[in-house]
Amino acid sequence: MAIEAVIWDFGGVFTSSPFEAFARYESENGVPKDLIRKVNSTNPDTNAWALFERNEIDTKGFDALFLEESTALGHPIPGSHVLPLLSGMVRPRMVAALKACKQHFKVGCITNNMVSMHSPGPDATQRPPGAMGQIMPLFDHIIESSKAGVRKPDPKIYLMMCEALSVDPANCVYLDDLGINCKPAAALGMKAIKVVDVDQTLADLAAATGLTFDEVAA
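Computed from a predicted model, the values in this text were never measured in an experiment.

Structural notes on the sheet that holds strand β3 (residues 141–144)
Then step 1. Overall, parallel pairing links the 5 strands, which are arranged β3-β2-β1-β4-β5 in an open sheet. Looking at the sheet topology across the chains shown, the edges are occupied by β3 and β5 (191–194). The sheet shows a mean angle of 15° between the axes of neighbouring strands, direction not considered.
Then step 2. Along the sheet face, helix α6 (residues 92–102) touches β1 (5–8) and β2 (106–111) and points at about 150° away from the line of β1.

Below, the structure written as structure tokens:
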């Protein structure tokens, strides 16, 4: 397989996973472990999370609907408590790997996000200072679920990226911290890498691209 493009998820790849923040919140508030993830995985195409990431409800709607869904599982959590948990710490080695890949391949980002979050897109008024504002301009193309109206794991969003980059899926590497998002990429012919930790990810990415990331400065 001749690699022409490396396509990346953002949260949980370039930043630490929000699952870590979810776990802290649950522990601190007496909520059963992984309940937030259970809410997000129940009715995954029509729940509050899915609707918000497709920009079909606003922040107020997400707050109320997430509360309703978590209450149905026995532990009421307002959606407004969940949104601040999404920001993670930047992983410098992953950013360095992106820069290295950019020297050899086209690079794209597919992110499931919400309009209420700082948009990582090209709109200057929405681009935040700091980490996301520094990382996002490195990509050749970005697809945000809240702007595209489609979200992972819908195969259409991967094909949209391939079309934008003018590449065939079989010539792409795709990285995501969620297996459910890696599966459709693999089904389309991409080399899918599930991001578990930085060392594992860079080893898998090196094997797929032929690059050596150990030599990349953090």
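Let's talk about the packing of α6 against helix α11 (residues 198–209)
The angle between the axes and the distance between the axes are what describe a pair of packed helices.
Then step 1. Closest axis-to-axis distance for the α6/α11 pair is 10 Å, and the angle between their directions is 15°. Taken together, the axis directions place α6 and α11 in an arrangement best described as roughly parallel. As α6 runs across α11, the sense of the crossing is left-handed. Facing α6, whose interface residues are R93, M94, A97 and C101, α11 presents V198, D199, T201, L202 and L205.
Then step 2. Here the contact of α6 with α11 is built from residues that sort into 6 nonpolar, 1 polar and 2 charged.

Structural notes on the side chain of T15
Then step 1. On the secondary structure map, T15 appears in the loop between β1 and α1 (18–28).
Then step 2. In this view, T15 contacts F10, G88, M89, V90 and R91; residues no more than four positions away in its chain are not counted.

Focus on the packing of aromatic side chains
Then step 1. Under the defined criterion, the tally for this structure stands at 9 aromatic pairs.
Then step 2. Look at F10 and F14: their rings are 5.8 Å apart centre to centre, the planes differ by 40°, and that puts the pair in the tilted class.
Then step 3. The exposure class assigned to F14 is buried, which follows from its relative accessible area of 0%.
Then step 4. Ring geometry for F14 against F139: centres 5.9 Å apart, planes inclined by 75°, an arrangement best described as edge-to-face. Of this pair, F14 sits in the loop between β1 and α1 while F139 sits in the loop between α7 (130–135) and β3, placing them 125 residues apart in sequence.
Then step 5. Judged by relative accessible area, which is 8%, F139 ranks as buried.
Then step 6. Among the aromatic residues, those joined into a ring-pair cluster are F19, F22, W49, F52, F62 and F66.
Then step 7. When the ring centre of F19 is taken as reference, the NZ or CZ atom of R37 above it lies at 3.7 Å.

Thoughts on the nonpolar core
Then step 1. With 30 residues, the main nonpolar core has V6, W8, F14, C101, F139 and L205 as its most contacted residues.
Then step 2. Ranked by residues supplied to this core, first place goes to α6 with 6 residues.
Then step 3. Excluding anything up to four places from it in sequence, V6 contacts C101, F105, K106, V107, G108, V173, L175, L205 and T209.
Then step 4. Ranked by size, the runner-up nonpolar core spans 20 residues in total, among them A48, L51, F66 and L85.

What to know about the pattern of salt bridges
Then step 1. Taken as a whole and assessed by the stated rule, the structure comprises 8 salt bridges.
Then step 2. Between K102 and D140 there is a salt bridge; the shortest N-O distance is 3.2 Å. You can see K102 sitting in helix α6 and its partner D140 sitting in the loop between α7 and β3, a full 38 residues away along the chain.
Then step 3. Under the relative-accessibility criterion, K102 is labelled partly exposed at 34%.

What counts and what doesn't
Residues numbered from 1 in each chain as written. Predicted model: local features only at pLDDT ≥ 70, side-chain atom pairs only at ≥ 80, totals over all residues. Heavy atoms only, no water. Pairing = 2+ DSSP bridges. Helix = DSSP H or I, 4+ residues; strand = E, 2+ residues; numbered from the N terminus. Axes fitted to C-alpha atoms, helices over the stretch in contact; angles between N-to-C directions. Contact = heavy atoms within 4.5 Å. Parallel < 35°, antiparallel > 145°, perpendicular 65-115°, else oblique. Left-handed = near helix turned anticlockwise from the far one by under 90°. Nonpolar A, V, L, I, M, F, W, Y, C, P; charged D, E, K, R; others polar. Phe/Tyr/Trp six-rings, centres within 6.5 Å; stacked < 30°, edge-to-face > 60°. Buried < 20%, exposed > 50% of the residue type's maximum accessible area, 1.4 Å probe, protein only. Lys NZ or Arg CZ within 6 Å of the ring centre and 35° of its normal. Core = buried A, V, L, I, M, F, W, Y, C linked by side-chain atoms within 4.5 Å. Salt bridge = Lys/Arg side-chain N within 4 Å of Asp/Glu carboxyl O.

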